[in-house]
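# Structural characterization, general
Each chain, written out:
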Amino acid sequence: MGKLTTHVLDTSHGKPGSEIEIALFRVSSHGLEHVITTTTNQDGRTNEPLLEGDAFLKGKYQLQFNTANYFHRTGVALSDIPFLDDVVIRFGIDDPSAHFHVPLLVSPYSFSTYRGS
């Protein structure tokens, strides 16, 4: 059975990104459909998969990570309008029987992602 998971690594401090709010959306021709909002734990991961079972469908998705609030809490000096406020990653699920892991590596001024395992 397939599932979608994620985690956040704070590359500027070399530690997991804890207590970061994450929202997941399905993307369709009608716009964004909210699926779930959750928060990372102390290990920078969610306690449960974002999607699994019958809810894990083929299609396009969007993850939105609220990183500016996290960096404010860790004492990083950000401008009134942070360079990265919410980091958005759009990706496709083509095989709902597979495990899709979409991690975020982030600092106040850059981010990257990849399909993990």
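Attention in this report is confined to the structure presented alongside it. (Residues numbered from 1 in each chain as written. Predicted model: local features only at pLDDT ≥ 70, side-chain atom pairs only at ≥ 80, totals over all residues. Heavy atoms only, no water.)

Further remarks concern the overall build of the protein. Counting its regular elements, the protein contains 1 helix and 11 strands. Going from N to C terminus, the protein has its helices and strands arranged as β-β-β-β-β-β-β-α-β-β-β-β. Computed over C-alpha atoms, the radius of gyration of the protein comes to 14 Å, within 12% of the 13 Å expected from 2.2 N^0.38 for 117 residues, which places it in the range of a compact globule. For the protein, the spread of C-alpha atoms along the three principal axes comes to 40 × 30 × 20 Å. Within the protein, contacts between residues at least 6 apart in sequence are counted, and of these 63% link residues at least 24 apart. Looking at the protein as shown, the accessible area adds up to about 6400 Å², and 49% of this sits on carbon and sulfur atoms. In the protein, 9 positive and 13 negative side-chain charges are present, and the distance between their average locations comes to 6 Å. (Helix = DSSP H or I, 4+ residues; strand = E, 2+ residues; numbered from the N terminus. Rg over C-alpha atoms; globule rule 2.2 N^0.38 Å. Contact = heavy atoms within 4.5 Å. Areas by Shrake-Rupley, 256 points an atom, 1.4 Å probe, with all protein chains shown as cover. Lys, Arg positive; Asp, Glu negative; His and termini not counted. Charge placed at Lys NZ, Arg CZ, Asp CG, Glu CD.)

Moving on to the side chain of His-101. As for its position among the elements, His-101 is in strand 9 (residues 99-101). Looking at His-101, its side chain comes within polar contact range of the side chain of Thr-5, at 2.6 Å. Reaching out from His-101, the side chain makes a polar contact with the side chain of His-7 at a distance of 2.7 Å. (Polar contact = N/O pair within 3.5 Å; in protein donor to acceptor, adjacent residues only side chain to side chain.)

To continue, consider the nonpolar core. The biggest cluster of nonpolar side chains holds 26 residues, and the ones touching the most others in it are Leu-4, Leu-63, Phe-65 and Phe-91. For this core, the secondary structure elements donating two or more residues are strand 4 (21-28), strand 7 (59-66), helix 1 (67-73), strand 8 (86-93) and strand 10 (104-107). Ignoring sequence-local partners within four residues, the contact set of Phe-65 consists of Thr-6, Val-8, Ile-20, Glu-21, Ile-22, Asp-85, Asp-86, Val-87, Ile-89, Val-102 and Leu-104. (Core = buried A, V, L, I, M, F, W, Y, C linked by side-chain atoms within 4.5 Å. Buried < 20%, exposed > 50% of the residue type's maximum accessible area, 1.4 Å probe, protein only.)

Whenever strands of a sheet pair, they do so through backbone hydrogen bonds, lying parallel or antiparallel. Taken in spatial order, the 4 strands make up an open sheet running 3-2-10-11, and their pairing is mixed. Since the sheet does not close on itself, it has two edges, and those belong to strand 3 (15-16) and strand 11 (110-113), each with one partner. The sheet contact formed by strand 10 and strand 11 spans 4 bridges and is antiparallel. Counted as the bridge partner of Leu-104 is Thr-113 from strand 11. (Pairing = 2+ DSSP bridges.)

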